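Structural overview
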Amino acid sequence: MTHTIAAKEDHVDVLIVGAGPAGLMLANWLSRFDIKTRIVDKRGSKIFNGQADGLQCRTLEIFDSFDFGHRAWREANHMVEICLWNPDDNGQLSRYDRIPDTIPGISRFQQVVLHQGRIERFFLDSIKEHSDIAVERGVLPIAFDFDEAKVGDFEDYPISVTLRTLSGEESTPEQRQQHQKSADGQQTAIADGLFRSNLVADNTEDLIKSIEATSNANQEEHIKAKFMVGCDGAHSWVRQQCGFSLEGDSTDYVWGVLDIVPITDFPDIRHRCAIHSANAGSVMVIPRENKLVRLYIQLQATEYQKKGGKADRSWITPKIILQSAQRILHPYKLDYAYCDWWTAYQIGQRVGNHFSLRDRVFLAGDAVHTHSPKAGQGMNVSMQDTYNLGWKLAHVVKGLSDPTILSTYESERRDIAQKLIAFDHRFSRLFSGRPTKDIMDEEGVNMEEFKKAFEKGNEFASGIAVNYDASVLVAKEDETAAQSNDNDILGTQERRAISKPQLATKIDIGKRIPSFKVLNHADARPWHLQELLKSNGRWRMIVFPGRLTDIQNMQRYKSLGKSLGAPDSFLRRFTPPGKPIDSVIEVLTVHSGPRTSIELLNLPEPFHPHHGDMGWDYWKVYSDEESYHEGHGQAYANYGIDPSRGASVIIRPDQYVSWVGEVDDYGQMAHFFAGFMKEKEDDKPEIRKSVQ
């Protein structure tokens, strides 16, 4: 007698499809919140070489907020200078200029390169340290259902997904098996990344069809999820299930990529270089860790054939790519004995028509925007998508925030993706075009124009320029009307907070807060302000009360402390029962000194709360003064805050500025938080009264 074994079933808060950098960033966020999370990837193993490698300033700041920025900073190759190479008047390749790779002073970090496999390892270690979430590899989603009737109940599970465990052969990407000689004379295969390239068709549908004929309940599992996030690349299965599409176009440019240990007489091989030849195309040089150099090499039309608008990949080999690079770099010589990885791609710039399905299914990374890799944006913007989304999902699942905050993911990140595509469209064409021959050459690229575009693009590429528009989470004074599009829980007029950006003229509302050194009041140790803003899900209210030796400033500071310490303050109302007072909204102080004239324990308790058996908190109050060994951060001057008046600043859990106002404007602070945070049902009438 045959017994039918039913497939397993599980209920999860969040299902993540795709365990690349975007998926791992999201899992890393959720690991801090004790949220039931599953993360699956159809590939049988993580990345060990190749793929993305550039880490921009903002990404390193984010890594540091998760406490592994130092690992990337130490292992990576630091790119300090860019060299621009162009044809001279005789058509010979020559160095045209040098510019800094990262705009000086824009961040405490600069751009570095480190291969994707190491970056994924940092995430995996961090996730393991904080949770039992584990990547399930060789697991493919094969069926999806979405119950519209359950969308409004955020305690319910509207998403149904069937997962299938693949065999080792099914989960291993096909390789072209190009070979090279190893040191002992043996033939070894060179890893390629063509299975992720847009020159190669995705194999997901073929896999699904092949396993449908051999269905085995022992290898299938049914998942019910509150939320699902597709981080599954440009061929995204999740995007297809939602009925969404990528919109945009492709260029005719085809590029090859080689990760090699170069043998060359080119003098700037250990600099990042943008090289335009007279008529053989362009190369970008990216010096890597472990003696490697990555070359992005423009392939000539004669080196490949096209079929249906796509390059025929069978013509593209490491040898073909190298030969193209040799022609571009002439008269300099280039060869290699060791190639670590290679791929080829066609430049395409597309943005998804939707980023979410009813705020229950979300798309991130390449699943919702694609572009060329030469500006070092793909992995960075993908991770920043889920850095934006992760804390919002967590706050909704934990009941801390109203679900309306989830709509800000699409409004904020779609705008960034569109700006990225516009930047990449211009940058890739300037890079791919041939240099002008003379003043009458209208088809060529002017090299001075290219340099200016490169310099201007550096701020955008760094990730520092991200500026989120007004929303329930961003109280911009000049754009508050835009907030009326949000569904708010207290009514638009009742909720809306008004910022006073003139109180902190160098802090941009909607951008991440810059970082400058301040001194811990209790022990005089200097800290970068961003180091205090760890990615642990907390909102921060940073109070800049000015000089506390001024009687008026101290009175205003104490008045705020009294309001924050009251039994019905928003600090207490939005903190779950039994949790420390600073577990949801943390209050930090940065006064302008002098530190030695103020006793910490004489300040109101909300600014240095008492944690029972753990005593007073000595890590909440800081001073803008000169340190013994590391100089003066000049925080007040750099933030544009008048020490005689001060300001208060509300910072989101992802370090972006939400609101700027008066030091003691408790009413506006309460207005802001009441717009989206949840409290006990019987407390809501009192909250309404307190913020009016």
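These numbers come from a predicted model, not from an experiment.

**Some remarks on the sheet that holds strand 29 (residues 647–651)**
Read across the sheet, seven strands follow the order 25-24-28-27-26-29-30 without closing on themselves; strand pairing throughout is mixed. Edge strands, defined here as strands with exactly one partner in the open sheet, are strand 25 (526–528) and strand 30 (657–661). In this sheet, neighbouring strand axes are inclined to one another by 30° on average, regardless of whether the strands run parallel or antiparallel. Two strands pair when backbone bridges link them, and strand 27 (residues 585–591) and strand 28 (residues 621–623) are joined in this way by three bridges, in the parallel orientation. Residue Val 590 lies in a different strand from strand 28, and its bridge partner there is Tyr 622. Lying over the sheet, helix 12 (residues 551–565) contacts strand 26 (539–546), strand 27 and strand 29, oriented at roughly 155° with respect to strand 26.

**Here's the deal with the sheet that holds strand 4 (residues 77–78)**
Read from one edge of the open sheet, three strands run 3-7-4, paired in antiparallel fashion. Sheet topology places strand 3 (54–55) and strand 4 at the edges, where each strand pairs with a single neighbour. In the sheet, strand 3 pairs with strand 7 (residues 112–113) via two bridges, with the strands oriented antiparallel. Bridge pairing in strand 7 links Leu 55 to Val 112.

**Section: the state of the cysteines**
Such a bond, covalent and formed between the sulfur atoms of two cysteines, is termed a disulfide. If you walk through the whole model with that rule in mind, you get zero disulfides. The structure places no disulfide on Cys 83, whose sulfur is separated from the nearest cysteine sulfur, that of Cys 273, by 4.9 Å.

**Examining helix 4 (residues 116–130)**
End to end, helix 4 covers 22 Å across 15 residues, agreeing with the expected 21 Å (1.5 Å per residue, within 8%). Those residues of helix 4 not exposed but buried are Gln 116, Gly 117, Ile 119, Glu 120, Phe 122, Phe 123, Leu 124, Ser 126 and Ile 127. Contacts from the buried residues of helix 4 go to helix 1 (21–30), strand 3, helix 2 (57–65), helix 3 (69–75), strand 8 (135–137) and helix 8 (378–397).

**Re a nonpolar patch on the surface**
A cluster of nonpolar side chains, namely Leu 601, Tyr 618 and Trp 619, defines an oily patch on the protein surface of about 320 Å² accessible area. Here Tyr 618 shows up in the loop between strand 27 and strand 28.

**Focus: the confidence of the model for the chain**
Scored by pLDDT, the chain comes out at a mean of 86, with 81% of its residues at no less than 70. Low pLDDT, under 50, characterises residues 479–493; the predicted model gives this stretch 31 contacts beyond four residues in sequence or across chains. Long-range and interchain partners of residues 682–692, a stretch whose pLDDT sits below 50, account for 14 contacts in this model, where long-range means more than four residues apart.

Conventions and cut-offs
Residues numbered from 1 in each chain as written. Predicted model: local features only at pLDDT ≥ 70, side-chain atom pairs only at ≥ 80, totals over all residues. Heavy atoms only, no water. Pairing = 2+ DSSP bridges. Helix = DSSP H or I, 4+ residues; strand = E, 2+ residues; numbered from the N terminus. Axes fitted to C-alpha atoms, helices over the stretch in contact; angles between N-to-C directions. Contact = heavy atoms within 4.5 Å. Disulfide = S-S within 2.5 Å. Expected span 1.5 Å × (residues − 1). Buried < 20%, exposed > 50% of the residue type's maximum accessible area, 1.4 Å probe, protein only. Patch = residues over 30% accessible without salt bridge, like charges linked within 9 Å, V, L, I, M, F, W, Y side chains within 5 Å. Areas by Shrake-Rupley, 256 points an atom, 1.4 Å probe, with all protein chains shown as cover. Salt bridge = Lys/Arg side-chain N within 4 Å of Asp/Glu carboxyl O. pLDDT = per-residue confidence, 0-100.

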